[in-house]
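Examining the three-dimensional arrangement
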Amino acid sequence: MGGWPEEFVVVTACNPRGEIVDAERNEFLDRELSALLEVKGLVHCRLTGGSPDGFHREPGYLVKCDGEVGLELGRRFEQVGIYQVLANELYLIDCKDEKETLVAKWASRYKGP
């Protein structure tokens, strides 16, 4: 599908526990996540995620890995959830109970660079 990996996650380090924190703290956490991805040797690129209406946006990363590794990353940065894309299906995965919710087709939600 359009050059995308068959399976990947979208993860952020911003706003741990779903609590809005200041830009300086989010930038620090983002740099920490970026460094961890490098150390782990995970293929990744910058991707900003957000609500369908564009009102809420958070910088994060597309990471070529399975959901289990994605959950480890999400939990490490105290995220409420992560997104996983598998065969063009976009799922929200809760970091606590691992409940998966089908959100949409990835192609319908990706807005481009």
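What you see is a predicted model, and the numbers here were worked out from it, not measured in a lab.

Turning our eyes to something else, we now look at the sheet that holds strand β1 (residues 7–11). Read from one edge of the open sheet, six strands run β2-β3-β1-β4-β5-β6, paired in antiparallel fashion. Every other strand in the sheet has two partners, leaving β2 (44–50) and β6 (100–105) as the edge strands with one partner each. Averaged over all pairs of adjacent strands, the angle between strand axes in this sheet comes to 30°, irrespective of strand direction. Bridging between β2 and strand β3 (residues 57–63) involves seven bridges; their strand directions are antiparallel. Across the sheet, His44 pairs through a bridge with Val63, a residue of β3. Sitting on the sheet, helix α1 (residues 23–40) is in contact with β1, β2 and β3, with an inclination near 5° to β3.

Thresholds, definitions, all that
Residues numbered from 1 in each chain as written. Predicted model: local features only at pLDDT ≥ 70, side-chain atom pairs only at ≥ 80, totals over all residues. Heavy atoms only, no water. Pairing = 2+ DSSP bridges. Helix = DSSP H or I, 4+ residues; strand = E, 2+ residues; numbered from the N terminus. Axes fitted to C-alpha atoms, helices over the stretch in contact; angles between N-to-C directions. Contact = heavy atoms within 4.5 Å.

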